[in-house]
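Examining the three-dimensional arrangement
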Amino acid sequence: MNIPGKIIRPQKELTMQERFIRDHHRHHHFVTFFRLLIFVLFLLVWEMAGRFQLIDTFFFSSPSMVASYFMEMLQDGSFFTHTGITLLETLISFLLITLISLLAATLLWYSKTLSEILEPYLVVLNSLPKSALAPLFIVWLGTGTGTIIVAGISVAIFGSVISLYTGFKHTDPEKLKLIYTLGGKRMDAFFKVVFPFSIPMILSNMKVNIGLALVGVIIGEFLAARRGLGYLIIYGSQVFKLNMVITSIIILCIIAMGLYQGIQYLEHLYKKKR
């Protein structure tokens, strides 16, 4: 019914961009909801299976027992000690992997002769099971933080160098030709074309390396540590403290997810600025 003196405005139609943003938000909320639902259902089934004795909680634990042990770790301060040690070792390993692999890949790109000499060795070392190197590191370096950091580096460094070098080689040849035509040197071509072009690939490589660094650190802590989450996992399995083992594994999952999300946030910031 029309009201005298009142102007009825037609409803504003959504633009293509607004529709895309709305649909994107809906899809994001849908995915987030079902991720949380699956996680909650998993915890519920796990807890109920333990309470109704469908599984032996001595071996499989339960969410309530894990939560109880986690609170004990917070109260006695062991959570901060062991988690802090593992996180610090992982971050140092990751930073060293990133710096060393960037430097090595740059040298390989700069010198074709050097790359032809070293490439077969990099492939062989990358194929070698890294857990086989950990006992050697203990013999060479002893036990301690340094050995664990080296173990963390060894897991990712060779694959990272190969990946970055391959990415550098796939830079647009037309842009490189333009730099050389204008009188630029090889180092000018690297810093003005190759490196900027490869930043998305470098960020993707970092997302892989942060997880591998954590894996390497845990391998090192299995063999050469008296602190850290890897040590808790090995010690807990030896004395059948499965709550300790499962709680440590869950903390590792949270750390891995947090570190990955941190790199993904950096990637998002880079894409936003472009």
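Quick note: structure is the one above.
Read on for a plain summary of the structure.

Regarding the overall build of the protein
Helix and strand counts for the protein stand at eleven helices and zero strands. In terms of overall dimensions, the protein is more spread out than a globule: its C-alpha atoms have a radius of gyration of 26 Å, far above the 19 Å expected for 274 residues. When its C-alpha atoms are laid out on the principal axes, the protein stretches across 85 × 70 × 30 Å. The burial tally for the protein puts 34% of its 274 residues in the buried class. Taking the intrachain contacts of the protein between residues at least 6 apart in sequence as the baseline, contacts between residues at least 24 apart amount to 72%.

Remarks on helix 7 (residues 145-169)
An ideal rise of 1.5 Å per residue puts 36 Å on 25 residues; helix 7 measures up with 36 Å between its terminal C-alpha atoms. At Ala156, helix 7 shows its largest kink, close to 35°.

A short note on the pattern of salt bridges
The final tally for this structure, using the stated rule, is two salt bridges. Taking the shortest distance from any N to any O, the salt bridge between Lys207 and Glu267 comes out at 2.8 Å. Here Lys207, found in helix 9 (residues 186-224), pairs with Glu267, found in helix 11 (residues 242-273); they are 60 residues apart in sequence, far enough to count as distant. Each member of the pair, Lys207 together with Glu267, is buried.

A few points about the packing of helix 6 (residues 134-141) against helix 7
Where helix 6 contacts helix 7, the axes come no closer than 10 Å and their chain directions differ by 145°. Note on packing geometry: the crossing formed by helix 6 with helix 7 is right-handed. Contacts between helix 6 and helix 7 involve Phe137, Ile138 and Leu141 from the former and Thr147, Val150, Ala151 and Ser154 from the latter. Looking at the contact of helix 6 with helix 7 residue by residue, the class counts come to five nonpolar, two polar and no charged.

Brief notes about the packing of aromatic side chains
Summed over the entire model, instances satisfying the criterion amount to 13 aromatic pairs. On the numbers, 5.5 Å between centres and 45° between planes, the contact of Trp109 with Phe190 is tilted. With Trp109 in helix 4 (residues 78-110) and Phe190 in helix 9, this pair connects stretches of sequence that are 81 residues apart. Each of the two residues, Trp109 as well as Phe190, counts as buried. Judged by centre distance (6.1 Å) and plane angle (45°), the ring pair of Phe190 and Phe195 falls under tilted. Within the aromatic cluster, the residues linked to one another by ring pairs are Trp109, Phe168, Phe190, Phe191 and Phe195. Here the basic side chain of Arg186 rests over the ring of Trp109, its NZ or CZ set 4.0 Å away from the ring centre.

Conventions adopted
Residues numbered from 1 in each chain as written. Predicted model: local features only at pLDDT ≥ 70, side-chain atom pairs only at ≥ 80, totals over all residues. Heavy atoms only, no water. Helix = DSSP H or I, 4+ residues; strand = E, 2+ residues; numbered from the N terminus. Rg over C-alpha atoms; globule rule 2.2 N^0.38 Å. Buried < 20%, exposed > 50% of the residue type's maximum accessible area, 1.4 Å probe, protein only. Contact = heavy atoms within 4.5 Å. Expected span 1.5 Å × (residues − 1). Bend = angle between axes of the 7 residues up to and from the residue. Salt bridge = Lys/Arg side-chain N within 4 Å of Asp/Glu carboxyl O. Axes fitted to C-alpha atoms, helices over the stretch in contact; angles between N-to-C directions. Left-handed = near helix turned anticlockwise from the far one by under 90°. Nonpolar A, V, L, I, M, F, W, Y, C, P; charged D, E, K, R; others polar. Phe/Tyr/Trp six-rings, centres within 6.5 Å; stacked < 30°, edge-to-face > 60°. Lys NZ or Arg CZ within 6 Å of the ring centre and 35° of its normal.

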